[in-house]
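Secondary and tertiary structure notes
The primary structure of each chain is shown beneath.
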Amino acid sequence: MVSCVKAVGITVLVLVVVGVVVGSTTWAVLASRGPAPPDLKPLDWWEHTTIYQIYPRSFKDSDGDGIGDLRGIIMELEHLADIGVGAIWMSPVFVSPMVDFGYDISDFYNIHSEYGTMQDFESLVQKAHELGIKVLLDYVPNHASTESNYFKKSEARDPGYENYFVWADPIIDPNNASNRLVPSNWISQFGGTVWEWSEARQQYYLHQFAIEQADFNFREKAVRDEMINIMRYWFNKGVDGYRLDAIPHLFEADPNDHGGVYPDEPLSGNMFLNPNQPGYTTQVHVRDQIELYDVVYEWRDFADNYQKNNGTETKILLAEAYANITMTMLYYGNEKDRNGAHFPFNFDFITSLSAQSNARDFVYVIQHWLTYMPAGRVANWVFGNHDQNRMPSRFRPNMVDGLNSLNMMLPGVAITYQGEEIGMRDGYVSWEDTVDVNACNQGNPDNYLDYSRDPARTPYQWDNTTNAGFSSGPKTWLPVAQDYMEINLQAQREAERSHYKVYKTMSNLRKEPTLSHGNYHVKALSKHTFVLVRHLITYDTYALVFNVGDEPDIIDLSTVDFLNEPLTVHASSIHSERLSGQVA
């Protein structure tokens, strides 16, 4: 019988059972009677990697202007190699007016001057590849800056560009013929109507995000062709894949299906929202239109053919897909004859769990994705990104090691947002320092933090020197979080126990066949504690015991399948009384 374990507070234990053969005798004793080791299917480079999201503006500033840049990333690539990162995904580095800090692109073929030059980008790709790190770009196909040549030509009705964006005539006010009304009641993701009037063209254009981000018309073949051209250009530069931004918004309802007009959306009935806030209407006409999947499948065909025709490694596509589970799974493909994205991002740990969630909630969320995921596809796990409050701030700071360990031990791809490896929390950004367009559009000095994404974007905390080692300049684009003296990479490297060291230990563990090829078993042992077991016949078995509650818990591991004594602690959280090497 496996003995009881006292999980004190936020105890996290990663236990190893050496040489276990499930349902048979230990191979070390009777190897000839046990089953043979399984044939391990070779994995493509991306199928069990760790992807690290870099928000370039906040990662490392090399020239003292207070803004992170490509040379700064190059300077710190060794850190990423050290913690086992297999690929970096960079938020947009293209030319932009920076209304939405790079997600409003005016030139898709060049590097924004604040971040460096094309030569800097090429040097980054070369250095990353030398370290065994793939490079993924943030691809933003839904919209372009109104300062782009695409938009200027479309607004001027230049031949070939007339329908590059979504344009619509005004509705005439039945009570006042001289008054124009917007084509529909659709609401922007950043608040207010999606329609903006163009005096030059005498029509409205659609923008699902900021006014300066005009939506492309994906029913126009020229637009779809140009999106492929952009992808090809950066593939030729050595890029290994793309994160596909805002994909659910590629299409809106087609007026041809609604009597030639853009149909109003029903009200959602949410009494806590005002008519200018997203969610006030149901959004049934502005996202998750079925046509978008054909575009994603076309892009996958292009990426696969590029790999085949150029003899490269796999070029991957990762879809940002905040949608219900059924619509999300369609991004993988149609389960018949079409492949889609290599995976859609799994945001369930962000949208469905919080500090108030119990162990059963965690188990449900894990099983939810793995149950719905089509056979033969690869899972992924996301705990934070540049649009959400940081992981320790959404959960609790003393859950950092458990959440990072869970990310590393679940099957598939682990995704880390910069700073999660050291437990960075949301930084405080005053109203006066706020720059996020979402907060500026919808907020005021009293409520702006309800909308602001700035707290999750504060500079990376490298050490306890000025500006946390992020910049040598007098001022940074966002203020450094006030806890940088306590939470920084250098301090955690030097400490006997730290989030960084736990992360690195767990990252190294991912190399084990049990984690790359093994089966999983997840079970709630109590309201507060659950266990995740990874097992593979003839290989060591690993179990993560995670108390997500805020009080001690005693659990009996004898009820857990696949575990036999002795159990040895492989890693533990900095809050655990158990130490590596101890027998549990």
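Residues numbered from 1 in each chain as written. Predicted model: local features only at pLDDT ≥ 70, side-chain atom pairs only at ≥ 80, totals over all residues. Heavy atoms only, no water.

Notes on the overall build of the chain
To keep things clear, this is the line we draw: Going along the chain from the N terminus, every DSSP run of H or I of four or more residues is numbered as a helix, and every run of E of two or more is numbered as a strand. Throughout, radius of gyration means the C-alpha value; the globule benchmark is 2.2 Å times the number of residues raised to the power 0.38. Buried residues are those whose accessible area, probed at 1.4 Å on protein chains only, stays under 20% of the maximum for their type, while exposed residues exceed 50% and partly exposed ones sit between those limits. We call two residues in contact when some of their heavy atoms are within 4.5 Å. Values of accessible area rely on a 1.4 Å probe in the Shrake-Rupley scheme; residue burial ignores everything except the protein chains shown. Residues scored as charged are limited to Lys and Arg (positive) and Asp and Glu (negative), so that His and the chain ends carry no count. Charged groups are reduced to one reference atom each: NZ for lysine, CZ for arginine, CG for aspartic acid, CD for glutamic acid.
Helices and strands together make up the secondary structure of the chain, namely 16 helices and 24 strands. Computed over the C-alpha atoms, the radius of gyration of the chain is 25 Å, within 12% of the 25 Å expected from 2.2 N^0.38 for a compact globule of 584 residues. The buried share of the chain, reckoned over its 584 residues, is 59%. Considering only contacts in the chain between residues 6 or more positions apart, those separated by 24 or more positions represent 70%. Working note: accessible area of the chain is about 23,000 Å², and carbon and sulfur atoms make up 48% of it. For the chain, the centre of its 44 positive side-chain charges and the centre of its 75 negative side-chain charges are spaced 6 Å apart.

Re the environment of P275
Mapping P275 onto the fold places it in the loop between β15 (241–244) and α7 (291–310). Linking P275 and I187, residues 88 residues apart in sequence, is a C-alpha distance of 8.3 Å. Residues within four places of P275 in sequence aside, it is in contact with I187 and Y280.

A word on the sheet that holds strand β12 (residues 195–198)
We count it as follows: Two strands qualify as a pair provided that DSSP identifies no fewer than 2 bridges between them.
Taken in spatial order, the 3 strands line up as β9-β13-β12 in an open sheet, and their pairing is antiparallel. Bordering the open sheet on either side are β9 (167–168) and β12, each of which pairs with just one other strand.

A short note on the side chain of D240
Condition: Salt-bridge detection follows one rule: a side-chain nitrogen of Lys or Arg within 4 Å of a carboxyl oxygen of Asp or Glu. We define a polar contact as two N or O atoms separated by no more than 3.5 Å, with the added condition that, inside protein, one atom must be a possible hydrogen donor and the other a possible acceptor, whereas residues neighbouring each other in sequence contribute only through side-chain atom pairs.
As for its placement among the helices and strands, D240 is situated in the loop between α6 (221–236) and β15. Despite its burial, D240 remains without a salt bridge, the nearest opposite charge being carried by K315 at 4.3 Å. A polar side-chain atom of D240 sits 2.8 Å from the main-chain amide nitrogen of V135. If we skip the residues at most four places from it in the chain, D240 touches W45, H129, K134, V135, L136, T314, K315 and I316.

Quick notes on the sheet that holds strand β19 (residues 413–417)
In space, the 8 strands of this open sheet follow the order β17-β16-β15-β7-β4-β3-β19-β18, with parallel pairing throughout. Single-partner strands in this sheet number two, and they are β17 (343–344) and β18 (380–382). Where strand β4 (residues 87–90) meets strand β7 (residues 134–139), 4 bridges bridge the pair, whose relative direction is parallel. Its bridge partner being in β7, I88 is matched across the sheet by V135.

A short note on the pattern of salt bridges
Tallied over the entire structure, the rule returns 21 salt bridges. Across the pair E291 and R219 runs a salt bridge, and its minimum N-O distance is 2.7 Å. Note that E291 is positioned in helix α7 and R219 in the loop between β14 (213–215) and α6, a separation of 72 residues in sequence. Classification of E291 by relative accessible area gives partly exposed; the value is 30%. Its relative accessible area of 32% is what places R219 among the partly exposed residues. Through salt bridges with shared partners, a single ionic network connects D100, D387, D436, R453 and R457.

Quick notes on the side chain of S145
Tracing the chain through its elements places S145 in strand β8 (residues 143–145). The class of S145 is buried, set by a relative accessible area of 1%. If near-sequence neighbours (up to four positions away) are discounted, S145 is found in contact with P97, D104, I105, S106, F151 and E212.

Side note on the environment of D454
As for its placement among the helices and strands, D454 is situated in the loop between α13 (437–442) and α14 (489–494). Of the residues examined, D454 reaches a relative accessible area of 0% and is grouped as buried. Sequence spacing of D454 and N270 is 184 residues, and the spatial spacing of their C-alpha atoms is 26 Å. The contacts of D454, once residues within four sequence positions are left out, are V429, T434, V435, D436 and L478.

Things to note about the confidence of the model for the chain
Which entries qualify depends on this criterion: A residue's pLDDT is the predictor's confidence in that residue, given on a scale from 0 to 100.
Across the chain, pLDDT averages 94, with 95% of residues at or above 70. Scored below 50 in pLDDT, residues 19–32 shows 20 contacts in the model against residues more than four places distant or in partner chains.

With respect to the packing of aromatic side chains
Formally: Planes of paired rings set the category: under 30 degrees apart is stacked, over 60 is edge-to-face and the rest tilted, where pairs are Phe, Tyr or Trp rings (Trp by its six-membered ring) whose centres lie within 6.5 Å. Look at NZ for Lys and CZ for Arg. If either is within 6 Å of the ring centre and within 35 degrees of the ring normal, a charge sits over the ring.
Here the structure, examined in full by the defined rule, presents 49 aromatic pairs. Judged by centre distance (4.8 Å) and plane angle (40°), the rings of Y161 and Y164 are tilted. The structure contains a cluster of three or more aromatic residues connected by ring pairs, namely F108, Y150, F151, Y161, Y164, F165, W167, Y205 and F216. The ring of W45 has K134 sitting right over it, with the charged end atom 5.5 Å from the ring centre.

Thoughts on the packing of helix α12 (residues 400–409) against helix α15 (residues 499–509)
Going by this rule: Where helices are involved, their axes are fitted lines through C-alpha atoms of the stretch in contact, as for all axes, and angles between N-to-C directions lie from 0 to 180°. Roughly parallel covers angles under 35 degrees, roughly antiparallel covers those over 145, roughly perpendicular covers 65 to 115, and oblique covers all other angles. For any helix crossing, the convention is left-handed if the near helix is rotated counterclockwise from the far helix by under a right angle, and right-handed if that rotation is clockwise.
Look at α12 against α15: their axes get within 9 Å of each other, and the N-to-C directions meet at 15°. Taken together, the axes of α12 and α15 lie roughly parallel to each other. The two elements α12 and α15 meet at a crossing, and its hand is right-handed. Here V400, D401, N404, S405, M408 and M409 of α12 come into contact with α15, specifically with H499, V502, Y503, M506 and S507.

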